[in-house]
Structures are given as structure tokens and as C-alpha cells.
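# Observations on chain architecture
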Amino acid sequence: MEKEARILVVDDEERIRRLLKMYLVRENFDIDEAEDGITALQKALDEDYDLILLDLMMPGMDGEEVCTKLREQKATPVIMLTAKGEESNRVQGFEVGADDYIVKPFSPREVVLRIKALLRRSSSTKFLQTSTKASDVLVFPHLSIDKEAHRVLADDKVVSLTPKEYELLHFLAKSPDKVFAREELLKEVWNYEFFGDLRTVDTHVKRLREKLTKVSKDAAKMIVTVWGVGYKFEVGKE
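Notes on the structure follow. Predicted, not measured: the structure shown is a model, and the values here were computed from it.

## Quick word on the packing of aromatic side chains
Using the criterion set out here, one finds two aromatic pairs in the structure. Ring geometry for phenylalanine 140 versus phenylalanine 233: centroids 4.8 Å apart, planes at 55°, classification tilted. Note that phenylalanine 140 is positioned in strand E6 (residues 137-140) and phenylalanine 233 in strand E12 (residues 230-233), a separation of 93 residues in sequence. Both residues of the pair, phenylalanine 140 and phenylalanine 233, count as buried. Ring geometry for phenylalanine 171 versus phenylalanine 180: centroids 4.8 Å apart, planes at 55°, classification tilted. Both residues of the pair, phenylalanine 171 and phenylalanine 180, belong to the buried class. Note that arginine 26 overlies the ring of tyrosine 23, its terminal NZ or CZ placed 5.0 Å from the centroid.

## A look at the side chain of threonine 76
As for its position among the elements, threonine 76 is in the loop between helix H3 (63-71) and strand E4 (78-82). Since its relative accessible area comes to 8%, threonine 76 is described here as buried. With residues up to four places along the chain from it excluded, the contact list for threonine 76 reads Tyr49, Asp50, Leu51, Ile52, Leu70, Arg71 and Asp99.

## Some words on helix H6 (residues 163-173)
Counting buried positions over the 11 residues of H6 gives 11, a clear majority of the element. For H6, the set of buried residues is Pro163, Lys164, Glu165, Tyr166, Glu167, Leu168, Leu169, His170, Phe171, Leu172 and Ala173.

## A look at the nonpolar core
With 49 residues, the main nonpolar core has Ile52, Leu54, Leu143 and Leu169 as its most contacted residues. Among the elements that take part in this core, H6 stands out by supplying six residues, more than any other. Residue contributions to this core reach at least three from each of two domains, namely domain 1 (5-123) and domain 2 (137-233). In contact with leucine 169, not counting residues within four places along its chain, are Leu143, Ile145, Val152, Leu161, Leu208, Ile223 and Phe233.

## Considering the sheet that holds strand E8 (residues 151-154)
Adjacent strands of a sheet form backbone hydrogen bonds with each other and so pair up, either parallel or antiparallel. The sheet built from four strands is open, its strands ordered E6-E7-E8-E9 with antiparallel pairing. The sheet is open, and its two edges are formed by E6 and strand E9 (157-158), each paired on a single side. Alignment of E8 against E9, held across two bridges, turns out to be antiparallel. Bridged to leucine 153 within E9 is valine 158. Packing of H6 onto the sheet brings it into contact with E6, strand E7 (143-146) and E8, and relative to E7 it is tilted by some 110°.

## Observations concerning the pattern of salt bridges
Applying the stated criterion to the full structure yields 21 salt bridges. Here arginine 6 ties to aspartate 30 by a salt bridge, and the two come within 3.6 Å at their closest N and O atoms. One end of the pair, arginine 6, is in strand E1 (residues 6-10); the other, aspartate 30, is in strand E2 (residues 30-34), with 24 residues separating them in the sequence. Accessibility expressed as a relative area gives 17% for arginine 6, which makes it buried.

## A few points about the sheet that holds E12
Taken together, three strands build an open sheet; the order of strands is E10-E12-E11 and the sheet is antiparallel. The sheet terminates laterally at strand E10 (180-181) and strand E11 (223-226), the two strands that pair on one side only. Its contacts with the sheet put H6 on E10, E11 and E12, and the angle it makes with E12 is roughly 70°. Against the sheet, helix H8 (residues 199-215) touches E11 and E12, its axis set at about 145° to E11.

Parameters at a glance
Residues numbered from 1 in each chain as written. Predicted model: local features only at pLDDT ≥ 70, side-chain atom pairs only at ≥ 80, totals over all residues. Heavy atoms only, no water. Phe/Tyr/Trp six-rings, centres within 6.5 Å; stacked < 30°, edge-to-face > 60°. Helix = DSSP H or I, 4+ residues; strand = E, 2+ residues; numbered from the N terminus. Buried < 20%, exposed > 50% of the residue type's maximum accessible area, 1.4 Å probe, protein only. Lys NZ or Arg CZ within 6 Å of the ring centre and 35° of its normal. Contact = heavy atoms within 4.5 Å. Core = buried A, V, L, I, M, F, W, Y, C linked by side-chain atoms within 4.5 Å. Domains from an automatic or database assignment. Pairing = 2+ DSSP bridges. Axes fitted to C-alpha atoms, helices over the stretch in contact; angles between N-to-C directions. Salt bridge = Lys/Arg side-chain N within 4 Å of Asp/Glu carboxyl O.

Structure, rendered in C-alpha cells:
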């Protein structure tokens with residue numbers, strides 16, 4: 001029997017946790033809760049969740065700090081929940097590694113749709129197929145991307161990416177040497193989930209390069225900045 005997706009709901013307001021849990025349990029998700037950042041981080045590191053709904057503003061350790069510390073060890077998908085809707089707050093959420101951003105007050109049904117959409121593309125979801133076809137693997141010098149397994153290898157070492165980082169890399173790598181404007185990347189990679197600042201793209205490229213560089217500098221060099229335009233994936237870039 002297929003295992004339910006495990007979701008950690010983190011919010012210091014009990015009514016919000018209760019509301020989200022009610023809707024998510026209806027969708028057959030397995031829900032765990034945390035009411036503060038310290039507890040949330042401990043649970044997130046100790047347990048293997050498929051996704052984390054993380055409130056930004058919490059006493060003690062806020063959502064940004066939780067996400068930052070989590071990203072040092074895990075690539076668990078994170079959707080940030082916050083009452084702050086300003087552009088700078090959204091960008092900061094993505095800067096620390098969030099995959100999506102929902103502003104309060106929100107529609108619980110929208111949250112469910114966002115969760116399902118992110119789980120479908122998540123590298124850690126239980127619902128992804130494990131079989132691999134040769135045509136679904138992009139192979140380059142120093143780098144291979146397995147679409148079905150959502151696995152990236154740089155110089156034969158696994159690179160742990162968040163869902164959005166993986167999507168961005170895969171999208172660029174599908175069209176080597178083609179230059180994509182930031183606006184185009186926002187539309188194609190973030191689609192309906194996020195309409196926002198072009199710096200979001202720059203932030204994810206920066207994080208992607210940093211992760212690749214730790215494993216293979218040659219792989220990281222394949223993501224090339226085209227000044228004044230956007231980015232491209234270039235094979236054999238020295």
C-alpha cells in the first residue's frame with residue numbers, strides 16, 4: 001500500500017495549525033505539527049518529511065533561520081507561510097531556500113494545490129517513479145541529470161537540490177547553449193506558483209552554483225550568466 005506523504009505544519013498559532021491539518025488530513029496526508037522554530041528544526045532534522053509548511057514570523061527562531069539551518073543538511077521541500085506580503089520578504093524567503101511562498105490570509109484549498117504541485121516535482125516525494133529510462137537521463141561531462149529519479153550527479157557524486165533548484169537546472173540543461181531571459185525562466189520554472197521579482201531567479205542560480213561548486217567546479221561552470229539577458233547551460237565551459 002502506498003505510503004502517505006508526511007507533512008510538518010509549523011505555526012505558532014494553534015488555530016492555523018488546526019485549520020491546515022483539517023484540510024490536509026482530508027487529502028490523506030500524514031500530518032505532524034510544531035508550534036515554534038526550535039522544535040520544528042529538530043523534528044525536520046530527525047525525521048524525513050516530504051514537505052514542510054513553515055511560518056515565517058515566530059518567537060525565538062523564525063522561519064528564515066529554520067530554513068537556513070535546515071538547508072545546511074537537507075533539501076526537504078519548504079513552503080513559507082507569512083503575513084508579510086511585501087516583495088522583499090518574498091525574495092528573502094527564496095534566498096534562504098524556500099520553494100514556494102504563501103501570504104496570509106490564504107485559502108486552505110490553495111495551500112493543498114500548492115502542496116500537491118510541489119510534491120509532484122519534489123526529489124524526496126514518495127510518489128515519484130523509481131524506474132529510469134535512458135532517454136530520461138541528461139548526460140554531460142562532469143554532470144548527469146536523471147529526470148525520473150530527480151537525481152543529479154556531479155563528477156559521480158550526488159548533489160542535494162531543492163525541487164526548484166532541480167527544476168531550474170533541468171530546464172536549462174534540456175536546451176544547451178540556449179539563452180533564457182529571467183522573465184522566461186520565471187514563467188517556465190515558477191509558472192503559476194509565483195509571480196514575482198526577477199531576483200528570485202538570480203538567487204536560485206547562485207544557490208545552484210554554490211552547491212555544484214562544492215562537488216564539482218567544472219559542473220558549476222556550465223551555468224553561464226549572459227549579462228543583461230539571463231542564463232544558459234553551456235557544455236564544456238572552461
